[in-house]
Amino acid sequence: MVYDLLVSIGVAISSYIFYKIFANSVIVINEFGIKKAFAIEEVIGASILLAISASSFRELSIFGFEIRTILSILIVLVLGWKNGVLVGGTTGITIGTILGLTNMEMRKFRDSIICTFTE
């Protein structure tokens, strides 16, 4: 009973956080060519959204180059070129973090640490 309550609270908090992230990122994507200055929360939210969508191309590659990596680099370059170094740097750090977390080797490492502490 307590476990279910804690899981429900955790899911509710996570849902609210992801709602705020994606609601802020839609503003950046819709007004990319119009608005010149974005808040840092909007840029990070858009970077997270684009990184998650780019990570869906995990096993797709052309001539040995992963489409996921090409799209990630392209997103960082375009956002940095259009909006400046702060946006480019923030986008690069965010996309790198998200792609690192979704990487398969990182999952194995994370699962081994979790198993170590649960035994």
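Since we're looking at a predicted model, the values are computed, not measured.

Parameters at a glance
Within any chain, residue numbers begin from 1 and follow the written order of that chain's sequence. Where local features are concerned, this predicted model is filtered to residues with pLDDT of at least 70; where side-chain atom pairs are given and counted, the filter is 80 or more; whole-chain, interface and lining totals use all residues. To obtain the side-chain values, all non-hydrogen atoms of the structure were used and water was disregarded. For helices the rule is a DSSP run of H or I covering at least 4 residues; for strands it is a run of E covering at least 2, with both sets numbered from the N terminus onward. Type-normalised accessible area, obtained with a 1.4 Å probe on protein chains alone, sets the label of each residue: buried when under 20%, exposed when over 50%, and partly exposed for intermediate values. Contact between two residues is taken to exist if any of their heavy atoms lie within 4.5 Å; hydrogens are not considered. Only the protein chains shown count as cover for residues, with accessible areas throughout obtained via the Shrake-Rupley method and a probe of 1.4 Å. Here, expected helix span is obtained from the residue count minus one, scaled by 1.5 Å. By definition, the arc is the one covered by directions from the helix axis to the C-beta atoms. Like-charged residues within 9 Å of one another, or nonpolar side chains (Val, Leu, Ile, Met, Phe, Trp, Tyr) within 5 Å, are grouped into patches, provided each residue has over 30% relative accessible area and no salt bridge. Any carboxyl oxygen of Asp or Glu that lies within 4 Å of a side-chain nitrogen of Lys or Arg is treated as forming a salt bridge with it. Any two rings among Phe, Tyr and Trp, with Trp reduced to its six-membered ring, count as a pair given centres within 6.5 Å; such a pair is stacked if its planes are under 30 degrees apart, edge-to-face if over 60, and tilted if neither.

Asker: Could you give me a rundown of the overall build of the protein, with the residues and numbers involved?
Answerer: On a plain count of helices and strands, the protein comes out with five helices and two strands. Reading the helices (α) and strands (β) of the protein from amino to carboxyl end gives α-α-β-β-α-α-α. Per-residue burial for the protein yields a buried fraction of 24% across its 119 residues. For the protein, restricting intrachain contacts to residue pairs at least 6 apart in sequence, the fraction spanning at least 24 positions comes to 49%. As displayed, the protein offers around 8,500 Å² of accessible surface, 73% of which is attributable to carbon and sulfur atoms.

Asker: Go over helix α3 (residues 67-83), please, and point to the residues and values.
Answerer: Taking 1.5 Å as the rise per residue, α3 with 17 residues should run 24 Å; its terminal C-alpha atoms sit 24 Å apart, in good agreement. Within α3, burial applies to I67, R68, S72, I75, L79 and N83. Along the axis of α3, the buried positions cluster into a sector of 135°, meaning they face one direction only. Every exposed residue of α3 that faces more than 90 degrees away from the buried side is listed here: I73, L77 and W81. Where the residues of α3 are buried, they touch α2 (40-54), β1 (61-62), β2 (65-66) and α4 (85-101).

Asker: With reference to specific residues and values, describe a nonpolar patch on the surface.
Answerer: On the surface, a cluster of nonpolar side chains totalling about 870 Å² of accessible area is made up of V2, L5, L6, I9, I13, Y16, I17 and Y19. Within the secondary structure, L5 is located in helix α1 (residues 2-30). What makes L5 exposed here is its relative accessible area of 53%.

Asker: Go over the packing of aromatic side chains with me, naming the residues and quoting the values.
Answerer: Counted by the stated rule, this structure contains one aromatic pair. With a centroid separation of 6.0 Å and 20° between ring planes, the pair formed by F18 and F22 is classed as stacked. With F18 and F22 both in helix α1, this residue pair falls four residues apart, about one helical turn. For F18, a relative accessible area of 41% puts it in the partly exposed group. Overall, F22 belongs to the partly exposed group, its relative accessible area being 29%.

Asker: So what about α2? Which residues, and what values?
Answerer: The end-to-end C-alpha distance of α2 is 21 Å, a good match for the 21 Å that 15 residues give at a rise of 1.5 Å each. For α2, the set of buried residues is E42, V43, G45, A46, S47, I48, A51 and A54. Of the surrounding secondary structure, the elements contacted by the buried residues of α2 are α1, α3 and α4.

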